[in-house]
Amino acid sequence: MPRSHTPFLCLMGLSLGLGGPVWAASGKPVFRQSFELDSDGDGLADEVSMVGNPAITTRASLDAQAKDGAKSQKLEVTASTLSEQVGVATRKFSVVAGKTYRVRLWYKTANLSNANVFAFLGWYDAKRKAFDRLDLVRNGTAKDWTESLTLFKPEISTEVEFHLRLWITKAGGKGEAWFDGVEVALDTVPARKTEPPTPSPLPPKKLLKFGWDTGGLTPDFVLANLERMEKKPFDGIIFRLDENYCHAFDIAAWPRAEIASITESYLSKISWGQFTDNFLTLYSTNRGMDWFSDEHWRTIAANLRLVAQSAKSGRCRGVVFDSEPYGPSPWDYKTVGANRPFAEVAAQVRRRGAEFMKALQEPFPDIRLLGLWMLSYAVYYHPDWLVERDPARLERLLSQDGYGLLIPFINGLLDGLGPEALIIDGNEAAYYYRDEDAYARGYMDIRERALSLVAPENRERYLRQVRIAHATWQTWATGTFEGHDTPGRFLAPAERTALLGWKVYESLRSADEYAWFYTDRTEWWRTPAPEKRE
């Protein structure tokens, strides 16, 4: 089966029990699969057929553990010698181009080992002469019945079928899965006749500027140069409150009076025009912080409240958190673990992540926290983490990586995330994307596959309140970074410009709202450029 076109066909994909009131708005089902009868005794419900690799030993049965009716379709893989998929397909049914359908199914699992649930709608696109699909569940594991609810607006009229599968991710994998409540209905929410159409909930796309020239880019400079700066092709800037007060893990208390003076004298007086979405910067270098020191964290929380209050007073959208440490790392268990077990340190880091988020929200409840590397780090550098089902092995992998503690910290941020705030994954990995498929895959991997690293109690919050941005690195396209053979080094000047423009376009097109444009060797705001990155 080819890659999924989910980003372009799925209007909304939510799981974790969010379907009740939304499904109530559906019309009469256009398709419903019953799992009540097995007329030929083969273990498969009527009008259901086995699909997948026959080399995987699989038992099918109709089981009394049901969600919708008296029976469900059960699949059990008992032996496998390869990584492949096996499952069932329903009969085909028709969908009409341009109509919106609500697609629902329930699933649960047990005794999974190197296996997970994979469910999708599949069809053949005669015009493209290719099979296509809409993913409904990927990497699914659920000890209790879990609902998948998706809105589907097909681009062509065709016949589709459900595929309900167990995906064996490694030879020797096995496990059990149950499926029930498989149904498709027309979306029947009536259009408003007496009121103007509701505008799209999708926000306009915005391009932010960040880079080496952020050094010295403080409120006094911005206030004095804003008119000239806003002639540049950006929708916002990432800048510093002060050169001395921009390190999130600083254990020295920041002077409240001095920060208030900076805010009142400069930041609050900036009359933003074209730059509508602006962010203050926080860096993650470990400046002596101990995760287990309550004294340190009282100071850190107080500092965070100060910068958040300044951002709010300056009508900024929030803060950028650069989780790449330019110096001692807070994320490396080997250097900050203090001879404690990894699980103990990870639990403490998660608690501090919640404190971090709560401190920012206290003066600024609807703050946006844009992290340049969030779960996108694992997606790009360690995709094996996303499919590791053995908690002990995952713990070992995290303990051995220099960014391993970033994962529990992000879970802590989600623990502390209030209803009005947003977290934005900046996906710095997009620096290196070379085709539009990479942007689509990167987005969907951060949105869906990275859920495996999110604590179950935070997954609904992650789906609702985490947005995805993409980065463009100017030097990657222009080839002006000494010692780095980026593509731009081998292109003519006109080709470099075209490549850079394409990168910005793709970053904006495939992001939820923000893309950010990073420069090092190019000075955008003043001359000469800073000599080094801080």
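Bear in mind the structure is a predicted one, so any value in this text is a computation, not a measurement. (Residues numbered from 1 in each chain as written. Predicted model: local features only at pLDDT ≥ 70, side-chain atom pairs only at ≥ 80, totals over all residues. Heavy atoms only, no water.)

A few points about the environment of L413
Item 1. Within the secondary structure layout, L413 lies in helix α11 (residues 406–416).
Item 2. On the accessibility criterion, L413 (0% relative accessible area) is buried.
Item 3. Separated by 14 residues in the primary sequence, L413 and N427 place their C-alpha atoms 17 Å from one another.
Item 4. Excluding its chain neighbours within four sequence positions, the residues that come into contact with L413 are G353, A354, F356, M357, L369, M374 and I423. (Helix = DSSP H or I, 4+ residues; strand = E, 2+ residues; numbered from the N terminus. Buried < 20%, exposed > 50% of the residue type's maximum accessible area, 1.4 Å probe, protein only. Contact = heavy atoms within 4.5 Å.)

Overview of helix α4 (residues 256–265)
Think of an α-helix as 3.6 residues a turn; residues three or four steps apart then line up on the same face.
Item 1. For α4, every residue scored as buried is listed here: I259, I262 and T263. For α4, the angular spread of buried residues about the axis comes to 95 degrees, placing them on one side. Pointing more than 90 degrees away from the buried face of α4 are the exposed residues A257 and E264. (Arc of directions from axis to C-beta.)

Here's the deal with the nonpolar core
Item 1. Core analysis: the largest hydrophobic core is formed by 115 residues, its most contacted members being F249, W291, F356, L360 and L405.
Item 2. One finds F31, V95, L134 and L166 within the second-largest nonpolar core, a separate group that totals 37 residues. (Core = buried A, V, L, I, M, F, W, Y, C linked by side-chain atoms within 4.5 Å.)

Here we look at the pattern of salt bridges
One side chain can pair with another of opposite charge once the charged atoms of both are near each other.
Item 1. Under the defined criterion, the tally for this structure stands at 25 salt bridges.
Item 2. A salt bridge links D415 to R350; its shortest N-O distance comes to 2.6 Å. With D415 in helix α11 and R350 in helix α7 (residues 342–361), this residue pair connects regions lying 65 residues apart in the sequence.
Item 3. You can call R350 partly exposed: its relative accessible area is 23%.
Item 4. Residues joined in a network through salt bridges with shared partners are K206, D277, R317, R368 and E513. (Salt bridge = Lys/Arg side-chain N within 4 Å of Asp/Glu carboxyl O.)

What about the sheet that holds strand β17 (residues 318–322)?
Item 1. Spatially, β20-β19-β18-β17-β16-β15-β14-β22-β21 is the arrangement adopted by the nine strands of the open sheet, whose pairing is parallel. Looking at strand neighbours, the two that pair on one side only are β20 (466–468) and β21 (470–473), the edges of this open sheet. Neighbour-to-neighbour, the strand axes of the sheet open up by a mean angle of 25 degrees, direction not taken into account.
Item 2. One ladder, built from four bridges, connects strand β18 (residues 368–371) with strand β19 (residues 422–425); its direction is parallel. When the bridges of β19 are listed, R368 appears paired with L422.
Item 3. Packing of helix α12 (residues 436–447) onto the sheet brings it into contact with β19, β20 and β21, and relative to β20 it is tilted by some 170 degrees. (Pairing = 2+ DSSP bridges. Axes fitted to C-alpha atoms, helices over the stretch in contact; angles between N-to-C directions.)

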